[in-house]
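Chain by chain, the residues run as shown.
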There are 2 protein chains.
Amino acid sequence: MSRRQVDVPALVAAAREGSPRAVARLITLVENADPKLRDVMQALAPHTGRARVIGITGSPGVGKSTTTSAVVAAFRERGARVGVLAVDPSSPFSGGALLGDRIRLSEHALDPEVYVRSMASRGHLGGLSWATPQALRVLDGAGCDVVIVETVGVGQSEVEVAGLADTTLVLLAPGMGDGVQAAKAGILEIGDVFVVNKADRDGADITVRDLRGMISLGDRSEPGLWRPPVLKTVAERSEGIDELMEALDKHLSWMEGGELRERRVRRAAGEVEAIAVRTLRERIGDVHAGQGLQELAGQVVDGTLDPYAAADRLVSSL
Amino acid sequence: MSRRQVDVPALVAAAREGSPRAVARLITLVENADPKLRDVMQALAPHTGRARVIGITGSPGVGKSTTTSAVVAAFRERGARVGVLAVDPSSPFSGGALLGDRIRLSEHALDPEVYVRSMASRGHLGGLSWATPQALRVLDGAGCDVVIVETVGVGQSEVEVAGLADTTLVLLAPGMGDGVQAAKAGILEIGDVFVVNKADRDGADITVRDLRGMISLGDRSEPGLWRPPVLKTVAERSEGIDELMEALDKHLSWMEGGELRERRVRRAAGEVEAIAVRTLRERIGDVHAGQGLQELAGQVVDGTLDPYAAADRLVSSL
């Protein structure tokens, strides 16, 4: 595959003017962990921090894409430019991951003010925690007013990614294991707004009641804290989307009263830490190539060195 | 929770004599990333490298636990001491994860020569790649002749963990998305032996044929390379387990002809690297506590510093 030259200033300028192709190429640089990212991020830095970031997470089948599509439509009615990052923890396909989701978001396919991108986390050292905030930063710098990060709530890292949004929307569906599953998946703690989608199905009210019960059992009933609402939607028919938008706005207002900056600093800290760890891993990789790690590992296999002593030698060789 | 004093030499000695309690406590040290691990691994080092490590992976529902149980029974018939590490990528519950699997392995519950342990990866910095090889090392050092690492093939790290076994067994079931799913999940590349379980169901032969086709399309048809067999089992009724054991033995013999040490060195290298990365992360964590990272992250949020420049400062402060 021939590798085109990357003209970073031109690419960043085009992305800021809203060129989908330029945005696409920048996010591909993120996916490939391209060395040019350093220049890209430097050029983008002054133009970031404006996008409102909404995380949407939930198990497969709860209707994430349909809900995302409905929320995108609602933001488009307000005239906002919207970016969507769909993050798939298991797919090995870069760029083309979650094709199904993209098709489901096809009602926005011809809208130049909606940018949809799927990202796969496989193969990435550091995975989502490394790539997602940087892709988000690209969309932010490209002038998106709203960025929606859609993740499947499977692994811990996906949950963490969703939890670093300004507002995290947790989606459930009636009868899908309900509250216990939510608790197990660790999504109860990270939700700012809970939505029971497919609320026309049996058991929706029970799921809502269970969720409200579990939330009131948590620490969140203290005065001054945000008390996550539990809403019902039928996203397929856009039912309940107005109420959902209202809840999202209410949460943003509450965040702007204090916690917003704190949460964004936490997100940036995670991003910086992930980049730093990657840098250090690359140095280990260099040692690796120099046979240092191989020799140490051989001694560990022979039982003449324990892995901690080997790691100490590796670290001190950096 | 009161913290008992850990007498490492006594604990290691007891584990080597086969005390399940001692083994359990050592693996809990691994799960907790206890500082004492350093001493534990040093004490265990001379006694490791003897266990034969078999990875078993596959999607939920293919019958991993039933197959594991049948394989354990077959090894027990040979008089081997067997350890089972069941690794759950999504569960937040440490120690008690995969309770269902443990119950399904209950036919071995009273057998002192079978040690079953579930591990959760959530909450671990470095996750499975950090904890699993060390838990495996504990079971190896405790005199297990065979250690089976059972993982759900969901995320990349689980697949990697399974792929570091001496022999990796990939389980599928008829009609469960079949070959395409296997290819997507990245398990085609790591399987040394493929098993279509629940082979009494419709479509088993199609799945077998698809798999064989995909394997022959790969690089593996070159002479001298191991050609992974595709077997059929009905683990619930122990059908096909003799043939499976034969295939596992055949693969081990082939490995002993050359690649075994190479793969074990690769496993040890991953282990050493994971420990080194954790050490470096801890140093970043110390910087974190010292507010360095927070200040850098604040500047990133303000757009006065890009995340790469911030990461550079973080790394140089280590």
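Residues numbered from 1 in each chain as written. Chains lettered and ligands numbered in written order. Predicted model: local features only at pLDDT ≥ 70, side-chain atom pairs only at ≥ 80, totals over all residues. Heavy atoms only, no water.

Taking an unreviewed UniProt entry as the reference, chain A is identified by name as Transporter belonging to Luteipulveratus mongoliensis.

### A closer look at the overall build of chain A
For the record, the criterion: Under the DSSP-based scheme used, a helix requires at least four consecutive residues in state H or I and a strand at least two consecutive residues in state E, with every element numbered from the N terminus. Only protein chains enter the accessibility calculation, which uses a 1.4 Å probe; a residue whose area is less than 20% of its type maximum is buried, one above 50% is exposed, and one in between is partly exposed. By the convention used here, residues are in contact when the closest approach between their heavy atoms is within 4.5 Å. Surface accessibility in these figures is a Shrake-Rupley result with a 1.4 Å probe; residues are shielded only by whichever protein chains are displayed.
Regarding its fold elements, chain A presents 13 helices and seven strands. Across the 318 residues that make up chain A, the buried fraction comes to 55%. Restricting to contacts in chain A with at least 6 residues of sequence separation, those with at least 24 account for 73%. Counting every atom, chain A has about 13600 Å² of accessible surface; 50% of that belongs to carbon and sulfur.

### A short note on the pairing of strand β4 (residues 146-152) of chain B
Residues and elements named next belong to chain B. Inclusion rule: In this description, strands pair whenever DSSP reports at least two bridges between them.
Most of β4 is tucked away, with seven of its seven residues classed as buried. On β4, burial covers both faces: Val 146, Ile 148, Glu 150 and Val 152 on one face and Val 147, Val 149 and Thr 151 on the other are all buried. Here strand β1 (residues 52-58) runs beside β4; their pairing, made up of seven bridges, is parallel. When the sheet's bridge partners are listed, Ile 54 is paired in β4 with Ile 148.

### A word on the pattern of salt bridges
Side chains carrying opposite charge are able to pair once their charged atoms draw close together. Residues and elements named next belong to chain B. Selection rule: Take a side-chain nitrogen of Lys or Arg and a carboxyl oxygen of Asp or Glu: if they are within 4 Å of each other, that pair is a salt bridge.
Following the criterion strictly, the structure yields 33 salt bridges over all chains and no others. Here Asp 249 and Arg 52 are joined by a salt bridge, their closest N and O atoms 3.1 Å apart. Of the two residues, Asp 249 sits in helix α10 (residues 241-256) while Arg 52 sits in strand β1, which places them 197 residues apart along the sequence. Assessed through its relative accessible area of 11%, Arg 52 is described here as buried. When the shortest N-O distance is used, the salt bridge between Asp 192 and Arg 263 registers 2.9 Å. Taken together, the positions of Asp 192 in the loop between α8 (178-184) and β6 (193-196) and Arg 263 in helix α11 (residues 259-289) put the pair 71 residues apart, joining distant regions of the chain. The pair Asp 192 / Arg 263 is uniform in exposure class, with both members buried.

### Here's the deal with the packing of aromatic side chains
Residue and element names in this part refer to chain A. We apply this condition: In this scheme Phe, Tyr and Trp rings, the latter by its six-membered ring, pair at centre separations within 6.5 Å, and the angle between planes marks the pair as stacked below 30 degrees, edge-to-face above 60, and tilted otherwise.
All chains considered together, the criterion is met by two aromatic pairs over all chains. Relative to Trp 254, the ring of Trp 226 has its centre 5.9 Å away and its plane inclined at 45°; by these criteria the two rings are tilted. With Trp 226 in the loop between α9 (204-217) and β7 (230-232) and Trp 254 in helix α10 (residues 241-256), this residue pair connects regions lying 28 residues apart in the sequence. By relative accessible area, which is 29% here, Trp 254 ends up partly exposed.

### Looking at the nonpolar core
Soluble globular proteins tend to bury their nonpolar side chains together. How we decide: As used here, the term nonpolar core means buried Ala, Val, Leu, Ile, Met, Phe, Trp, Tyr and Cys residues forming a set that is joined through side-chain atoms within 4.5 Å.
Grouped together as the largest cluster of nonpolar side chains are 106 residues, with contacts concentrated most on A:Ile27, B:Ile27 and B:Trp130. Apart from the residues lying within four places of it in its own chain, the contact partners of B:Ile27 are B:Leu85, B:Tyr115, B:Arg117, B:Met119, B:Ala135, B:Val138 and B:Leu139.

### Points about helix α13 (residues 307-316) of chain B
Counting along an α-helix, one turn takes 3.6 residues, and residues three or four places apart therefore face a common direction. Put simply, the test is: To obtain the arc, one takes the directions from the helix axis to the C-beta atoms.
Those residues of α13(B) not exposed but buried are B:Pro307, B:Tyr308, B:Ala310, B:Ala311, B:Leu314 and B:Val315. Along the long axis of α13(B), the arc covered by the buried residues comes to 155°, so they all point the same way.

### A look at the confidence of the model for chain A
Stated formally: Values of pLDDT, ranging from 0 to 100, describe the predictor's confidence in every residue of the model.
This prediction gives chain A a mean pLDDT of 82; 79% of its residues lie at or above 70. Every residue in residues 91-101 of chain A is under pLDDT 50, and counting partners more than four places away or in other chains gives 27 contacts.

### A word on the side chain of A:Asp166
Residue and element names in this part refer to chain A. Note on placement: Asp 166 falls in the loop between α7 (156-163) and β5 (167-172). Residue Asp 166 is classed as buried on the basis of its relative accessible area of 1%. Not counting residues up to four positions away in its chain, the partners in contact with Asp 166 are Ala 51, Arg 52, Val 53, Asp 192, His 251, Met 255, Leu 260, Arg 263, Arg 264 and Arg 267.

### A few points about a negative patch on the surface
Residues and elements named next belong to chain A. The following threshold applies: Within this analysis, patches are made of residues with over 30% relative accessible area and no salt bridge. Like charges are joined at 9 Å or less; nonpolar side chains (Val, Leu, Ile, Met, Phe, Trp, Tyr) at 5 Å or less. The convention is simple: Lys and Arg are positive, Asp and Glu are negative, and His and the chain ends are not counted. Charged groups are reduced to one reference atom each: NZ for lysine, CZ for arginine, CG for aspartic acid, CD for glutamic acid.
There is a patch of like negative charges on the surface, built from Glu 77, Asp 242, Glu 243 and Glu 246. Here the negative patch takes three residues from α10, the largest share from any one element. With respect to the secondary-structure elements, Glu 243 resides in helix α10.

### Quick notes on unusual backbone geometry
Its identity is not glycine, yet A:Ser238 carries a phi of approximately 60°, on the positive side. Here A:Ser238 lies in the loop between β7 and α10.

### Things to note about the packing of helix α2 (residues 20-31) of chain B against helix α3 (residues 37-44) of chain B
Residues and elements named next belong to chain B. Selection rule: All axes here are fitted lines through C-alpha atoms, helices being fitted over the stretch that makes contact, and every angle between N-to-C directions spans 0 to 180 degrees. Should an angle fall under 35 degrees it is called roughly parallel, over 145 degrees roughly antiparallel, and 65 to 115 degrees roughly perpendicular, with every other angle called oblique. Left-handed is the label given to a crossing in which the near helix is rotated counterclockwise from the far helix by less than a right angle, and right-handed is the label when the rotation is clockwise. When residues are grouped by polarity, Ala, Val, Leu, Ile, Met, Phe, Trp, Tyr, Cys and Pro land in nonpolar, Asp, Glu, Lys and Arg in charged, and all others, Gly among them, in polar.
The geometry of α2 relative to α3 is characterised by a closest axis approach of 10 Å and an angle of 130° between their N-to-C directions. Here α2 is positioned oblique relative to α3, judged by the angle of their axes. As α2 runs across α3, the sense of the crossing is left-handed. Only Leu 37, Val 40 and Met 41 of α3 make contact with α2, whose side of the interface consists of Leu 26, Leu 29 and Val 30. Of the residues assigned to the contact of α2 with α3, the class counts are six nonpolar, no polar and no charged.

### Structural notes on the packing of helix α4 (residues 64-77) of chain A against α10(A)
All names here are of chain A. Two numbers describe how α4 lies on α10: the axes approach to 10 Å, and their chain directions differ by 75°. Comparing the axis directions of α4 and α10 gives the class roughly perpendicular. In this structure, α4 contributes Thr 67, Ala 70, Val 71, Ala 74 and Phe 75 to the contact, and α10 contributes Ile 241, Leu 244, Met 245 and Leu 248. For the contact of α4 with α10, a count of residues per class yields eight nonpolar, one polar and no charged.

### Thoughts on the environment of A:Gly55
Of note, A:Gly55 is situated in strand β1 (residues 52-58). For A:Gly55 and A:Ile148, which are 93 residues apart along the polypeptide, the C-alpha to C-alpha distance reads 5.7 Å.

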